[in-house]
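Given next are the chains, with one letter for each unit.
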Amino acid sequence: MDEFDLIRRFFGTRSTGPGVVTGIGDDGAVLDVTAGFQQVQVIDTLVEGVHFPPQTAPFDIGFRVVAVNLSDIAAMGARPRWMTLALTLADQGEDWVQEFAGGLFAAADEHAVALVGGDTTSGDQAVATVHITGEVETGTALLRSGASAGEGIYVSGTVGDAAAGLQLLKAGERDDDLCERFLRPAARIALGDSLRGKASAAIDLSDGLAGDLRKLLDASGVGGTLDIERLPISAALVARFDSDAQRRFALTGGDDYELCFTARAADVANIGDITRIGVVTEGAGLVCRIAGDVVEVDDSGYRHFG
């Protein structure tokens, strides 16, 4: 099957939706943008053997490459609209592509995202890149750079599950709850939308809570204190790993795709499934504490408690 037959068969029939004037099949997509809105552009690439184990099911790869981009859209408080796909294939056949497309559209359909263009090529390993265009009311996008001293630091959901799930997958084990968090992350689109006008700064958690929170604090020109004992840890993570491993996954594991944000307590009092884990401070840098004692959490992932 050549490139054009592959696109037509597995991707070309899903290129319609609100705002799509011309989708797949022309030299480019023609889209109607919404008056009074700004565009948010995000892109992410998943490489076989780097971002997912080689044995990962193609449905999960397709789902994940869309979901990680949706998470960036959520962190900006935007609404996803359209996406494009660049797919590199090695020895994957038609069945693989069909399953990949199933996962891709399963994630996209949750938020009515239309595929409006793309490209396929051959290479040494499977590589999937998705670019998503979102929209947000003019002047209301969430940024990393608005945090102020005295505000609370919050995180959504639970943290550490995805990194634990990836470790299990690499070891050939399976835990439905933890592995699912890695393979099929849930983008916090509704939460991001609800935080506009309430949160002062936000970031999605892709590289680990401690590292991503530092990025937010640096962008805002402030410091922060994080209370490790306040971290929201799932029952599934507690059931499989000891407390030190839980903290390691939660602080430095990455791939959670939850939202970390700063806000005044009164402004987010009615928002559910969030946990206050610290406070924004004057100065610079992130201080981590357990029961009031300062501990070190370094970028390499090694923790020094006590």
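Residues numbered from 1 in each chain as written. Predicted model: local features only at pLDDT ≥ 70, side-chain atom pairs only at ≥ 80, totals over all residues. Heavy atoms only, no water.

Visitor: Hey, could you run me through the nonpolar core in this one?
Guide: Nonpolar side chains in soluble globular proteins tend to end up buried together. With 49 residues, the main nonpolar core has Phe11, Val66, Met83, Phe100, Leu104, Leu195 and Phe261 as its most contacted residues. Counting only elements with at least two residues in this core, the list comes to strand S3 (37–47), helix H2 (58–75), strand S4 (79–89), helix H3 (94–109), strand S6 (127–137), helix H6 (189–195), strand S8 (199–204) and strand S10 (259–263). In terms of residue count, the dominant contributor to this core is H2 (nine residues). Residues in contact with Met83, not counting those within four places in the same chain, are Val66, Leu104, Ala108, Val113, Ala114, Leu115, Val116, Gly117, Val130, His131 and Ile132. By size, the runner-up hydrophobic cluster in this structure holds 26 residues, among which are Val159, Leu217, Val280 and Val297. (Core = buried A, V, L, I, M, F, W, Y, C linked by side-chain atoms within 4.5 Å. Buried < 20%, exposed > 50% of the residue type's maximum accessible area, 1.4 Å probe, protein only. Helix = DSSP H or I, 4+ residues; strand = E, 2+ residues; numbered from the N terminus. Contact = heavy atoms within 4.5 Å.)

Visitor: Help me understand the sheet that holds S6, please; the structure alone is not making it clear to me.
Guide: Where strands meet in a sheet, backbone hydrogen bonds hold them as pairs that are either parallel or antiparallel. Taken together, the four strands give an open sheet; going across it, the order is S3-S6-S4-S5, and neighbouring strands pair in mixed fashion. Edge positions in the open sheet fall to S3 and strand S5 (114–122), since each of these has one partner strand only. Strand-to-strand twist of the sheet, defined as the mean angle between neighbouring strand axes without regard to direction, takes the value 15°. The pairing of S3 with S6 spans 11 bridges and is classified as antiparallel. Each bridged residue has a counterpart across the sheet, and for Ile43 the counterpart in S6 is His131. Sheet contacts for H2: S3, S4 and S6; angle to S3, the most-contacted strand, approximately 145°. In this fold H3 packs onto S4, S5 and S6, with an angle of close to 165° to the strand it touches most, S4. (Pairing = 2+ DSSP bridges. Axes fitted to C-alpha atoms, helices over the stretch in contact; angles between N-to-C directions.)

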